[in-house]
Amino acid sequence: HGMLGEVWDEEMSSTMLGKRLKKVVQNYQAMNKYGVPPQSRGGPKRSGPELLCQLKEKVEVTTLTPELKPFSSLPWLSLLPPRPLTSDLGPFKSCAVVSSAGSLKHSGLGKEIDTHDAVLRFNSAPTSGYEKDVGTKTTLRLINSQVMASDDHRFLSSSLYSAGILVAWDPAPYSSDLAEWYNRTDYPIFQQYQKYRRLHPQQPFYILHPRMEWQLWDRIQENMAEPIQRNPPSSGLLGTVLMMSLCEVVHVYEFLPSRRKTELCHYYQRFYDAACTLGAYHPLLYEKNLVKRMNLGPDRDIYTHGRVTLPGFNTFNC
Ligand code: C5P
């Protein structure tokens with residue numbers, strides 16, 4: 001605050017939203033599509049280090065492997081990687097998580113992002129044509145099942161997805177029962193996964209274990225005073241926690257908006273909606289409150305670079 005101008009207020013709540021967005025968020029808060037049981041909330045206010053320990057100890061970062069039921073008895077089990085991502089990759093010294101926010105536009109952060117040992121991008125976020133602002137390196141790409149299934153994204157044929165390692169996820173029932181999820185995914189993640197693997201057999205491609213979504217959701221809700229949307233966290237937070245399990249230090253760019261903050265949804269599209277930054281379906285507002293509390297860097301980094309610094313799980317003890 002003060003000379004810095006506004007950076008993310010970690011006490012952000014739905015009451016601070018504009019009228020239209022408030023309504024949308026309230027509607028989502030009332031829905032319970034994934035069968036989330038009643039939750040405890042608004043417990044003691046935890047410090048940054050306490051929150052980091054909660055994530056480290058209570059969120060299992062893993063991916064599907066062929067021996068898990070029901071996959072072990074399906075004809076396509078051998079398309080899944082034999083070992084989880086966290087055994088195959090890393091550890092890396094430094095990692096960058098590049099949100100797709102509109103505030104990356106004109107940031108000039110590309111060079112800085114590329115200095116990291118590994119870079120995570122999301123969904124259909126391109127580098128081509130945007131190198132100055134977002135860099136050129138893509139080590140991992142986290143994609144949701146909606147992008148995999150939609151015709152406009154041409155997931156199976158576009159070269160956008162050919163760089164780096166792919167990791168897919170789909171909102172699962174809260175129970176995280178794999179058989180139950182398999183029969184009612186939000187989008188046809190498994191059909192698209194099989195097709196993609198057959199077309200691009202050389203590219204490593206993992207599927208996030210849906211338990212992680214809800215373990216992470218629980219950590220958000222138990223630290224917020226109001227009920228949050230009963231939908232999984234955004235790709236941005238899922239990817240940030242994934243990188244905290246692979247890296248010693250994680251820099252997250254424009255998840256907490258810098259002085260460039262804008263209603264432009266994505267740096268690569270001419271579409272404006274505050275819901276992209278503040279959340280509608282996802283409990284994004286609350287995700288940002290948690291990340292603000294865990295940030296080890298100065299507020300100035302947020303203001304000028306949209307940059308948050310988080311420690312890897314292997315660098316601290318609880
Ligand atoms: O929109 P998409 O999910 O592809 O963007 C990737 C992630 O970047 C989001 O899940 C969200 O966490 C973050 N994001 C953001 N603000 C925006 C756009 C995206 O925080 N305006």
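First, a word on what this report is: a plain description of the structure on this page.

What counts, and at which threshold
Residues numbered from 1 in each chain as written. Predicted model: local features only at pLDDT ≥ 70, side-chain atom pairs only at ≥ 80, totals over all residues. Heavy atoms only, no water. Helix = DSSP H or I, 4+ residues; strand = E, 2+ residues; numbered from the N terminus. Buried < 20%, exposed > 50% of the residue type's maximum accessible area, 1.4 Å probe, protein only. Contact = heavy atoms within 4.5 Å. Pairing = 2+ DSSP bridges. Axes fitted to C-alpha atoms, helices over the stretch in contact; angles between N-to-C directions. Near = heavy atom within 4 Å. Polar contact = N/O pair within 3.5 Å; in protein donor to acceptor, adjacent residues only side chain to side chain. Nonpolar A, V, L, I, M, F, W, Y, C, P; charged D, E, K, R; others polar. Phe/Tyr/Trp six-rings, centres within 6.5 Å; stacked < 30°, edge-to-face > 60°. Lys NZ or Arg CZ within 6 Å of the ring centre and 35° of its normal. Parallel < 35°, antiparallel > 145°, perpendicular 65-115°, else oblique. Disulfide = S-S within 2.5 Å. Left-handed = near helix turned anticlockwise from the far one by under 90°. Expected span 1.5 Å × (residues − 1). Arc of directions from axis to C-beta.

### Considering the side chain of Q29
Part 1 of the argument: By the secondary structure assignment, Q29 is in helix 1 (residues 19-30).
Part 2 of the argument: By relative accessible area, Q29 is classed as buried at 13%.
Part 3 of the argument: Residue contacts for Q29: discarding those within four places in its chain leaves S14, P227, I228, Q229, R230 and Y286.

### Describing the environment of P44
Part 1 of the argument: Assignment of secondary structure puts P44 in the loop between helix 1 and helix 2 (48-58).
Part 2 of the argument: For P44, a relative accessible area of 59% gives the class exposed.
Part 3 of the argument: Between the C-alpha atoms of P44 and P210, which are 166 residues apart in sequence, the distance is 28 Å.

### A word on the sheet that holds strand 6 (residues 247-253)
Part 1 of the argument: Taking strand neighbours across the sheet as the criterion, the seven strands line up as 5-4-3-2-1-6-7 in an open arrangement whose pairing is mixed. Two strands close off the open sheet at either side, each with one partner strand: strand 5 (205-207) and strand 7 (307-311). Shown here is a sheet whose adjacent strand axes are inclined to one another by a mean of 20 degrees, direction ignored.
Part 2 of the argument: Pairing of strand 6 with strand 7 involves five bridges; the strand directions are antiparallel. If you follow V250 over to strand 7, its bridge partner there is L310.
Part 3 of the argument: Contacting strand 4 (165-169) and strand 5, helix 8 (residues 189-199) crosses the sheet at an angle of about 165 degrees to strand 5.
Part 4 of the argument: Packing of helix 10 (residues 235-244) onto the sheet brings it into contact with strand 1 (92-98), strand 2 (118-122), strand 3 (140-144), strand 4, strand 6 and strand 7, and relative to strand 2 it is tilted by some 160 degrees.

### A closer look at the site of the ligand
Part 1 of the argument: Neighbouring the ligand are 15 residues; N123, S234, C265, H266 and K288 lie closest to it.
Part 2 of the argument: One of the backbone nitrogen or oxygen atoms of G236 is found 3.1 Å away from an oxygen atom of the ligand.
Part 3 of the argument: Residue C276 places a main-chain N or O atom 3.2 Å away from a nitrogen atom belonging to the ligand.
Part 4 of the argument: When residues of the shell around the ligand are traced back to their parent elements, those giving at least two are helix 10, helix 11 (275-278) and helix 12 (284-294).
Part 5 of the argument: Its residues placed into classes, the shell around the ligand shows six nonpolar, eight polar and one charged.

### Some points on the packing of aromatic side chains
Aromatic rings in a pair are described by how distant their centres are and how their planes are angled relative to each other.
Part 1 of the argument: One pass over the full model with this rule turns up 21 aromatic pairs.
Part 2 of the argument: When the ring of F71 is compared with that of W76, the centres are 5.9 Å apart and the planes differ by 70 degrees; the resulting orientation is edge-to-face. In this pair, the class of F71 matches that of W76, namely buried.
Part 3 of the argument: Here the aromatic cluster, defined as three or more aromatic residues joined through ring pairs, consists of F71, W76, F155, Y161, W181, Y182, F190, Y193, Y196 and F205.
Part 4 of the argument: Above the ring of F316, the side-chain terminus of K56 is found at 5.2 Å from the ring centroid.
Part 5 of the argument: A cation sits over an aromatic face here: K288 above F255, 4.9 Å from the ring centre.

### Quick look at the packing of helix 9 (residues 211-222) against helix 10
Part 1 of the argument: Running from N to C, helix 9 and helix 10 point in directions that differ by 100 degrees, and their axes come no closer than 11 Å. Accordingly, the angle class assigned to the pair helix 9 and helix 10 is roughly perpendicular. Contacts between helix 9 and helix 10 pair M212, E213, L216 and I220 from the former with L237, L238, V241 and L242 from the latter.
Part 2 of the argument: Along the lines of polarity and charge, the residues of the contact of helix 9 with helix 10 split into seven nonpolar, no polar and one charged.

### Some details on the state of the cysteines
Part 1 of the argument: One pass over the structure, following the stated rule, counts three disulfides.
Part 2 of the argument: Here C53 pairs with C318 through a disulfide, and the sulfurs are 2.2 Å apart. Here the S-S torsion is close to -100 degrees, and the disulfide linking C53 with C318 is therefore left-handed. Here the residue C53 occupies a position in helix 2, and C318 occupies one in the segment after strand 7, the gap between them amounting to 265 residues.
Part 3 of the argument: Since its relative accessible area comes to 17%, C53 is described here as buried.
Part 4 of the argument: The disulfide bridge from C95 ends at C247, spanning 1.9 Å between sulfur atoms. Taking the sign of the S-S torsion, about -90 degrees here, the bridge from C95 to C247 comes out left-handed.

### Describing the packing of helix 2 against helix 12
Part 1 of the argument: Orientation of helix 2 relative to helix 12, taken along the N-to-C sense of each, is 115 degrees, at an axis distance of 8 Å. The way helix 2 lies across helix 12 gives a crossing that is left-handed. Contact residues: helix 2 offers G48, L51, L52 and L55, while helix 12 offers L290, R293 and M294.

### A look at helix 1
Part 1 of the argument: Counted at 1.5 Å a residue, the expected span for helix 1 with its 12 residues is 16 Å, and the 17 Å between its end C-alpha atoms agrees.
Part 2 of the argument: Regarding helix 1, the residues found buried are L21, V25 and Q29. Projected down its long axis, helix 1 shows its buried positions confined to an angular sector of 80 degrees, all on one face. What points out from helix 1, more than 90 degrees from its buried face, is the exposed set K19, R20, K23 and A30.

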